[in-house]
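If you want the building blocks of each chain, they are given just below.
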Amino acid sequence: MTPIAPVLITGLAFHAEPPPADAGEYEPAVGTSREEKEILATLEDKAAAKTASDYQHIVWAYGILWALFAAYGLFLWRRSARLRADVDALRQALGSEARGGPRA
Amino acid sequence: MKRKSELVVPLLFLAAAPLVVYSVQRVFLHTPNERTMGTAFKIFFFHVPMGWLCMLMALISGIAAYVQLRRRSRTAGAVALAAAEIGFLGGLGVLLTGPIWGHATWGTPWTGDARQVTTALLWLVIAAYLLLRHFGQHASERLAAALAIFGAVNVPLIYYAVKLWKTTHPTTGVVAKLPPEMWATFWPGLSALLLVSFGLFAIRARQLVLASELDEAYVRLEDSRA
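Let me begin by describing the structure that accompanies this report. Counting starts from 1 at the beginning of each chain's written sequence and moves along it residue by residue. Chain A is the first chain written and ligand 1 is the first ligand written, with later ones labelled in order. For a predicted model such as this one, the threshold for reporting local features is a pLDDT of at least 70, and the threshold for listing and counting side-chain atom pairs is 80 or more; totals across whole chains, interfaces and linings nevertheless cover every residue. Side-chain metrics in this entry use all non-hydrogen atoms of the structure; hydrogen atoms and water are not considered.

## Quick look at the overall build of chain A
In this text, helices come from DSSP runs of H or I with a minimum length of four residues, and strands from runs of E with a minimum of two, each type numbered from the N-terminal end. Within chain A, the regular secondary structure consists of two helices and zero strands. Burial statistics for chain A: of 104 residues in total, 14% are counted as buried. Here, Shrake-Rupley sampling with a 1.4 Å probe gives the accessible areas, and only protein chains in the shown set may cover a residue. Total accessible area computed for chain A in this model is approximately 8,700 Å², and 64% of it derives from carbon and sulfur atoms. Per-residue accessibility, obtained with a 1.4 Å probe over protein chains only, is compared with the maximum for each type, and a residue is labelled buried under 20%, exposed over 50%, and partly exposed between these values.

Right under this line is the structure:
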């Protein structure tokens, strides 16, 4: 005669549900590993530094351009002042000429 | 009361002022970074307009110098010189911002690229023209005009340099392929630069004509005294 107890116990064991997820057992994390996270962080730092340095490049380039135009504007302004002085001198010379004044 | 022509220059500067502010805030705050070049690509928004300005002014200077040679026109001579001065500024701008951009993206400021070399050549021709006009004797004006014409001939060479030779420089079709948000940044910046440049160009051309008329008046005065 077959003993019933071991058969029942084995059957119950096979039908047993797996333990619930929060049973405190180890579960491997799905996603990025620690090394990957560290590599990402390093790359992000490098990218941030590159962005900051590139912004410096842009500000320099932009500053140089408008400084060039400002310098040229200043040159034109001074040139205008000199021309105005020349025109005034010519007017004076013509005025004295018309009055028959001294010929310089 | 001011003549209508005298109002043109203030109007040009007035129109440029809001565009300058708008384009600066668009470049720095609202334009996304380009995928491969990142932030450094933003130099494009003033490097390219400077290049176009340099080429446009070299063309104007060359054509005006040709007219000056043919008709001995004083106004054409003034226009050629004023355009060359603005072209010199544009060339200097493009030759300074290009290497800054190159340093950020290629890792080197100068690669000896065909477009870089032809642009540098144009700038040197303009510089030579300016030196001749400012320090040359009266007879050197014809040689100076020939130099300006040579500079204008160099312009198509700059444009086609990226098509004719293998280069690292971006091709000429970049502007046409810009996405809408970059397109909306590029055109106000270009318009602002052109408005300011044409304002300065008009002032300078008028100054040169006036200076030449003044010289003539002084000579006539001296003749009448003699």
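## Some points on the interface of chain B and chain A
Two residues qualify as a contact provided that any one of their heavy atoms is within 4.5 Å of a heavy atom in the partner residue. Each side of the interface is counted separately: chain B has 38 residues, and chain A has 30 residues. Note on chain B versus chain A: buried area summed over both sides is about 3,200 Å², and carbon and sulfur give 76% of it. Think of a salt bridge as a Lys or Arg side-chain nitrogen and an Asp or Glu carboxyl oxygen that are within 4 Å of each other. Where chain B touches chain A, the interface holds zero salt bridges. Within 3.5 Å is the distance limit for a polar contact, defined as a pair of N or O atoms, with the added protein rule that one can donate a hydrogen and the other accept it, and that residues adjacent in sequence qualify only through two side-chain atoms. At the surface where chain B touches chain A, the tally comes to five residue pairs in polar contact (both at pLDDT 80 or more). Going through the elements one at a time, α1 (4-30), α2 (44-71), α3 (74-105) and α6 (180-225) of chain B are the ones with two or more residues in the side of chain B that touches chain A. Two parts lose some accessible area (1.4 Å probe) when they are put together, and adding that loss for both gives the buried area.

## Some thoughts on the packing of helix α2 (residues 34-98) of chain A against α3 of chain B
Each axis is a line fitted through C-alpha atoms, and for a helix only the stretch in contact is used; angles between axes span 0 to 180 degrees, taken between their N-to-C directions. Direction vectors running N to C along α2 of chain A and α3 of chain B enclose 170 degrees, while the axes themselves pass 10 Å from each other. When the axis of α2 of chain A is compared with that of α3 of chain B, the two are roughly antiparallel. For the pair α2 of chain A and α3 of chain B, contact is made by Lys50, Asp54, His57, Ala61, Ile64, Leu65, Leu68, Phe69, Tyr72 and Phe75 of chain A and by Ala82, Glu85, Ile86, Leu89, Leu92, Gly93, Leu96, Thr97, Ile100, His103 and Ala104 of chain B, respectively. The classification used treats Ala, Val, Leu, Ile, Met, Phe, Trp, Tyr, Cys and Pro as nonpolar, Asp, Glu, Lys and Arg as charged, and all other residues, Gly among them, as polar. Residue composition of the contact of α2 of chain A with α3 of chain B, grouped by class: 14 nonpolar, four polar and three charged. Each angle receives one of four descriptions, namely roughly parallel if under 35 degrees, roughly antiparallel if over 145, roughly perpendicular if within 65 to 115, and oblique otherwise.

## Some remarks on the packing of α2 of chain A against α6 of chain B
With their axes 10 Å apart at the nearest point, α2 of chain A and α6 of chain B run at an angle of 25 degrees to one another. Between α2 of chain A and α6 of chain B, the interaxial angle falls into the category roughly parallel. Classified by chirality, the crossing of α6 of chain B by α2 of chain A is left-handed. Counted by class, the contact of α2 of chain A with α6 of chain B contains 21 nonpolar, five polar and five charged residues. Left-handed describes a crossing in which the near helix is turned anticlockwise from the far one by less than a right angle; the clockwise case is right-handed.

## Points about helix α4 (residues 114-135) of chain B
A helix is expected to reach a length of 1.5 Å times the quantity of its residues less one. Relative to the 32 Å expected for 22 residues at 1.5 Å per residue, α4 of chain B spans 31 Å between its end C-alpha atoms, a close match to the ideal helical length. At the N-terminal boundary of α4 of chain B, the capping side chain belongs to aspartate 113 of chain B, with an oxygen 2.8 Å from the backbone nitrogen of arginine 115 of chain B.

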